[in-house]
Amino acid sequence: MLERPKTAGKVYLLPVEQIEPSPHQARRTFDEKELARLAVSILEHGLLQPVTVQRLGKNRYRLVAGERRLRACRMANLAVIPALLCEADEQGAAALGLVENLQRQPLDPFEQARGIREMIALWDCTQEEAARHLGMAQPTLANKLRLLALTEAQQKFVTANGLTERHARAVLRLPEAARTPALEQMAAKGLNARQADELVAGLLAAPPKKRRPRRRIMVRDVRVFVNTIDRAVRLMVDAGVPAETTRTDGDGFIEYRVRIPASAALAMSGAGEKTPG
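These figures come from a predicted structure and were not determined experimentally. (Residues numbered from 1 in each chain as written. Predicted model: local features only at pLDDT ≥ 70, side-chain atom pairs only at ≥ 80, totals over all residues. Heavy atoms only, no water.)

Trainee: So what's going on with the overall build of the chain? Which residues, and what values?
Mentor: Counting secondary structure elements, the chain contains 12 helices and 7 strands. Looking at the 277 residues of the chain, the share that counts as buried comes to 35%. A fraction of 67% describes how many contacts in the chain between residues 6 or more apart in sequence connect residues 24 or more apart. If you sum the accessible surface of the chain, you get close to 18000 Å²; carbon and sulfur atoms cover 52% of it. (Helix = DSSP H or I, 4+ residues; strand = E, 2+ residues; numbered from the N terminus. Buried < 20%, exposed > 50% of the residue type's maximum accessible area, 1.4 Å probe, protein only. Contact = heavy atoms within 4.5 Å. Areas by Shrake-Rupley, 256 points an atom, 1.4 Å probe, with all protein chains shown as cover.)

Trainee: Run through the nonpolar core, naming residues and quoting values.
Mentor: Counting 18 residues, the largest nonpolar core has Ile19, Val53 and Ile81 as its most contacted members. Elements with a minimum of two residues in this core: α1 (32-45), β3 (51-57), β4 (60-65), α2 (67-75) and β5 (80-87). Counting residues in hydrophobic clusters, the runner-up holds 17 residues, among them Leu150, Leu163, Ala182 and Met186. (Core = buried A, V, L, I, M, F, W, Y, C linked by side-chain atoms within 4.5 Å.)

Trainee: Hey, could you go over the pairing of strand β7 (residues 253-259) for me, with residue numbers and the actual values?
Mentor: The side chains of a regular strand alternate between both faces of the sheet. Summarising the sheet, strand β6 (residues 244-250) and β7 pair through 7 bridges and their orientation is antiparallel. Counted as the bridge partner of Arg247 is Tyr256 from β7. (Pairing = 2+ DSSP bridges.)

Trainee: Give me the pattern of salt bridges: which residues, what numbers.
Mentor: Should their charged atoms come close, side chains of opposite charge can pair. Per the counting criterion, the structure on display carries 8 salt bridges. Here the salt bridges do not stand alone but share partners, grouping Glu20, Arg60 and Arg62 into one network. (Salt bridge = Lys/Arg side-chain N within 4 Å of Asp/Glu carboxyl O.)

Trainee: Break down the side chain of Glu165 for me, citing the residues and quoting the values.
Mentor: By the secondary structure assignment, Glu165 is in helix α8 (residues 165-171). Given the relative accessible area of 17%, Glu165 is considered buried. A polar contact of 3.1 Å, which involves the side chain of Glu165, links it to the side chain of Lys144. The contact partners of Glu165, leaving out residues within four places of it in the chain, are Pro109, Lys144 and Leu147. (Polar contact = N/O pair within 3.5 Å; in protein donor to acceptor, adjacent residues only side chain to side chain.)

Trainee: Provide a residue-level description of the environment of Leu63, including the pertinent values.
Mentor: Within the secondary structure, Leu63 sits in strand β4. Each C-alpha atom, one on Leu63 and one on Pro21, is 5.3 Å from the other, the two residues being 42 residues apart in sequence. When sequence neighbours within four positions are dropped, the list of residues in contact with Leu63 reads Ile19, Glu20, Pro21, Ser22, Val51, Thr52, Val53 and Leu70.

Trainee: Any details on unusual backbone geometry? Residues and values, ideally.
Mentor: Non-glycine residue Asn59 carries a positive phi angle of around 60°. Tracing the sequence through the fold places Asn59 in the loop between β3 and β4. We classify Asn59 as partly exposed; its relative accessible area is 43%. You will see that Asn77, though not glycine, has its phi angle at about 60°, which is positive. Looking at where Asn77 falls in the secondary structure, it is placed in the loop between α2 and β5.

Trainee: So what's going on with the pairing of β4? Residues and values would help.
Mentor: Sheet analysis places strand β2 (residues 19-20) next to β4, joined by 2 bridges and oriented parallel. Note on β4: the bridge partner recorded for Glu20 is Arg62. Where β3 lies against β4, 5 bridges are found, and the strand directions are antiparallel. Paired with Gly57 across the bridge in β4 is Arg60. The loop that links β3 with its antiparallel partner β4 comprises 2 residues; one of these, Asn59, has a positive phi angle of about 60°.

So this is what it looks like as structure tokens:
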């Protein structure tokens, strides 16, 4: 049975330098301008919401929740920060950090998915149990985890181009090789989620492209034979013999026909006979 980790109610003022970041932080990117605004607010009004930490040993703490607040305090050059001590093991602290992130400034879809995956691994729980703990439907959680089937480059493209979770889920219906081109089309054309679904449906319904037949390459001996025939016919034509050639490229064969008028053939035969002495 999963239980939300408990935190003690007493607030401590801890040196910022004694708090190390959480290894289970799901958030990968932080908006520097947003952090700067938060730092200014903290300097003017103080930190209204303490961070949450675990005690690691004497004068050592690990952040559980409040990465943005800790970074803003460091940006504001504060020496100490108000903190709550978390009474939880590593698994509980990781889950609490993810829930805190989800409930405060939303993570991007891939950060959510990575955080959920890590929490399931740490808790050794089922998707259904994790969904119940996070307060979401199990199919919703499963759909989020499916996003991790996209490559790292595709995930970064979705985030950098302002595409949504719906866009990302849409391309998962496509073969792997077709996903990046589809995402590029969505971004270039500014497609909304419905239009993205329609694009994918159209790509799936389109007939496969026919492969162009490969050009047949003659082996050397055949090429020499064909050139010899062509040269012989040219010599006959130059000599006044109305010879003709017809070439047919069939399925698995090359057919050559040489047409010489019978009268010309007889004349050539007569010219080759010796006159009796």
